[in-house]
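Residue-level listing of the chains:
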Amino acid sequence: MRKTGTVVSVRGDMIEVRFERPEACAKCGACGEGRKTCTTLTLRAQAQVGDEVVVELPEGRVAQASMLAYTVPLF
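Residues numbered from 1 in each chain as written. Predicted model: local features only at pLDDT ≥ 70, side-chain atom pairs only at ≥ 80, totals over all residues. Heavy atoms only, no water.

Visitor: Mind showing me how you'd approach the pattern of salt bridges here?
Guide: Here the idea is simple: oppositely charged side chains can pair when their charged atoms come close. Using the criterion set out here, one finds three salt bridges in the structure. A salt bridge links E16 to R11, with the nearest nitrogen and oxygen atoms 3.1 Å apart. For R11, a relative accessible area of 53% translates into the label exposed. With a closest N to O distance of 2.7 Å, R44 and D13 form a salt bridge. One end of the pair, R44, is in strand β3 (residues 37-44); the other, D13, is in the loop between β1 (2-11) and β2 (14-20), with 31 residues separating them in the sequence. (Salt bridge = Lys/Arg side-chain N within 4 Å of Asp/Glu carboxyl O. Buried < 20%, exposed > 50% of the residue type's maximum accessible area, 1.4 Å probe, protein only. Helix = DSSP H or I, 4+ residues; strand = E, 2+ residues; numbered from the N terminus.)

See below:
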């Protein structure tokens, strides 16, 4: 799975990337009503504030991340 986000801060070799919420999940409400962004991720990379970056997660990891995101709050 590939997601495109925007670098919102840089601290040394760490960047913070903000991902826009897809239109497909607009009715979900999990990200909070009226919020444009759903996820912010901190990674080790070289970029400048305002740069668009592509983050790729291997398909097997997408299933693991989804399972954690939905099952952990249940417990």
